[in-house]
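# A look at the structure
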Amino acid sequence: MIPYGRQDINQEDIDAVVNVLQSDFLTQGPVVPKFEKTVAHYCGSQYAVTVNSATSALHIACIALGVGKADIVWTTPITFVASANCALYCGATVDFVDIDSCTYNLSVERLSEKLSIAEKRGKLPKVLIPVHLCGQPCDMEAIHSLSQQYGFKIIEDASHAIGGRYKNEPIGNCRYSDITVFSFHPVKIITTGEGGMALTNDEKLAKHMRLLRSHGITSTSDDMHQRPLEELWNYQQIALGYNYRMTEIQAALGLSQMQRLDEFVTKRHDIATRYDQMLSSLPVVTPWQHPDSYSSCHLYVICLKLGEIDKTHREVYEVLRDAGILVNLHYIPVYRQPYYEKMGFVAGYCIEAERYYSEVISIPMHPGLTEAQQNQVVEALKKALL
Ligand SMILES: *Cc1c(COP(=O)(O)O)cnc(C)c1O
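Criteria and cut-off values
- Residues numbered from 1 in each chain as written.
- Predicted model: local features only at pLDDT ≥ 70, side-chain atom pairs only at ≥ 80, totals over all residues.
- Heavy atoms only, no water.
- Helix = DSSP H or I, 4+ residues; strand = E, 2+ residues; numbered from the N terminus.
- Rg over C-alpha atoms; globule rule 2.2 N^0.38 Å.
- Buried < 20%, exposed > 50% of the residue type's maximum accessible area, 1.4 Å probe, protein only.
- Contact = heavy atoms within 4.5 Å.
- Core = buried A, V, L, I, M, F, W, Y, C linked by side-chain atoms within 4.5 Å.
- Domains from an automatic or database assignment.
- Near = heavy atom within 4 Å.
- Polar contact = N/O pair within 3.5 Å; in protein donor to acceptor, adjacent residues only side chain to side chain.
- Areas by Shrake-Rupley, 256 points an atom, 1.4 Å probe, with all protein chains shown as cover.
- 1 Å grid on protein atoms, 1.4 Å probe; cavity = no way out; pocket = protein on both sides within 12 Å on 5 of 7 lines; lining within 4 Å.
- Sits in = over half its atoms within 2 Å of the grid points.
- Nonpolar A, V, L, I, M, F, W, Y, C, P; charged D, E, K, R; others polar.
- Salt bridge = Lys/Arg side-chain N within 4 Å of Asp/Glu carboxyl O.
- Pairing = 2+ DSSP bridges.
- Right-handed = clockwise from strand over helix to strand, strands pointing away.
- Axes fitted to C-alpha atoms, helices over the stretch in contact; angles between N-to-C directions.

## Observations regarding the overall build of the protein chain
Regarding its fold elements, the protein chain presents 13 helices and 17 strands. For 386 residues, the compact-globule estimate of 2.2 N^0.38 gives 21 Å, and the protein chain sits close to it at 22 Å. Projected onto its principal axes, the C-alpha coordinates of the protein chain cover approximately 80 × 60 × 40 Å. The burial tally for the protein chain puts 53% of its 386 residues in the buried class. Put simply, 72% of the contacts in the protein chain that link residues at least 6 apart link residues at least 24 apart.

Written out as structure tokens, the structure reads:
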């Protein structure tokens, strides 16, 4: 069995976790802030707030940006459901912007058209959540410029993209966004088991997100409400927050993994280059990379040229799965999920997203993938396609 993605854990990672297990703090100790500092420094952002998943990070990012019941949030349909669900958690309405046919990221042209229509109807989004699909950054400069024109906020869902670069700067520096979110799920670029992080350059947003990840409780006397001295203790709940904290055990793993982040991404690039060459004679389109982009290569998505193949999309998927190649489909358009269809979305809502959905397969891509395994994937693909 060859999975499409998996973690890479070495002895140093294990030692780091064991050290924490033998220390005084399993949670709320010194390692979480150290992990935050390390990631913020790597990315060139001012603040980093670690949480127990990217889903939680997206949720508190939406709250911090003021998303509420009357608001509209836009994202891409080709993403994991969490990119859209975070808005629903806040009671907001979600809508989707169709994708670009080359990068498969949210299309700036479609965004621009949709904004102009939404403005006339008085239904502009409060927040846009572009997703750096497969680790390839969206056209953030153009998106940022539209945000200035129309007055919406931006959360980059960079769950796939730590270690990647946009216009030669690290993804996560928030140059073109309010908040950037990373995921540390085991299939992602670095892992903490479960885990996520929200980065920002805005002190207020960082502070608000820190409050929200821990019940809305503050221990800072300056933030506490005025009370008679005998009623002031060492903590006060001043907002409705959650328990979204990351443990020290997880942060130790993440901190240790950060040391190999560049190595992981380089290895992923080597694998991608080798796939590009080996698949060049097959009836598939390999991932196209925008010149502004240095992808983290989280996923390797191939697009089947179904007109040149005498199998269906489903049949190719099944043949590969039966051969022990655990290919996947990233993603079913979010609005095609039954939960979203119940909200009124219908098949065909985003034309490019639907075409993508009917033709793509993610083949194995992770730093531990050996050349022999990669050959096995390509052989199985040849059998399935030719
Ligand atoms: C994985 C992923 C998430 C959710 O990450 P978790 O850490 O599992 O909550 C959100 N958005 C995208 C695009 C993802 O791939």
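## Comments concerning the nonpolar core
Here is a general trend for soluble globular proteins: nonpolar side chains tend to be buried in one another's company. Among the nonpolar cores identified, the biggest contains 50 residues, and Phe96, Ile129, Ile155, Ile179, Val181, Met209 and Tyr356 are the most heavily contacted of them. Considering each element in turn, this core owes the most residues, seven residues, to helix α3 (residues 54–64). Counting contributing residues, this core receives three or more from each of domain 1 (2–258) and domain 2 (261–385). Apart from residues no more than four positions distant in its own chain, Ile179 is found in contact with Ala61, Leu65, Ile154, Ile155, Glu156, Cys174, Ala198, Leu199, Thr200, Leu205 and Met209. In terms of nonpolar packing, the next biggest core, distinct from the first, is built from 46 residues, Trp74, Cys138, Met140 and Leu146 among them.

## Some thoughts on the site of the ligand
Close to the ligand lie 15 residues, the nearest being Thr55, Asp157, His160, Ser183 and Lys188. At 2.5 Å, a side-chain N or O of Thr55 approaches an oxygen atom of the ligand. For the ligand, whose accessible area on its own is 380 Å², the fraction buried by protein is 93%. In this structure, the ligand is accommodated by the second largest pocket. Among the elements of the structure, α3 and α4 (82–89) are those that each provide at least two residues to the shell around the ligand. Of the residues contributing to the shell around the ligand, the split by class is five nonpolar, eight polar and two charged.

## Observations regarding the pattern of salt bridges
Side chains that carry opposite charge are capable of pairing whenever their charged atoms lie near each other. On inspection of all chains with the given rule, the structure shows 18 salt bridges. With a shortest N-O distance of 2.7 Å, Arg260 and Asp13 are connected by a salt bridge. Note that Arg260 is positioned in the loop between α8 (248–258) and α9 (261–278) and Asp13 in helix α1 (residues 11–21), a separation of 247 residues in sequence. The exposure class assigned to Arg260 is buried, which follows from its relative accessible area of 10%. Overall, Asp13 belongs to the buried group, its relative accessible area being 1%. One continuous salt-bridge network, built from bridges that share partners, spans Asp8, Asp13 and Arg260.

## So, the pairing of strand β6 (residues 153–157)
Counting buried residues along β6, four of its five residues qualify, which places the element largely inside the surrounding structure. Pairing geometry for strand β5 (residues 127–129) and β6, over two bridges, is parallel. Bridge assignment links Leu128 to a residue of β6, and that residue is Ile154. In the classification by handedness, the crossover that spans β5, the intervening helix α6 (residues 140–150) and the parallel β6 is right-handed.

## Examining the sheet that holds strand β10 (residues 196–200)
Sheet architecture is open: seven strands sit in the order β2-β10-β9-β6-β5-β3-β4, paired in mixed fashion. Where the open sheet ends on each side, the last strands, each with one partner, are β2 (47–51) and β4 (93–96). Between one strand axis and the next, the sheet turns through 20° on average, direction left out of account. Lying over the sheet, helix α7 (residues 203–212) contacts β2, β9 (179–183) and β10, oriented at roughly 15° with respect to β2.

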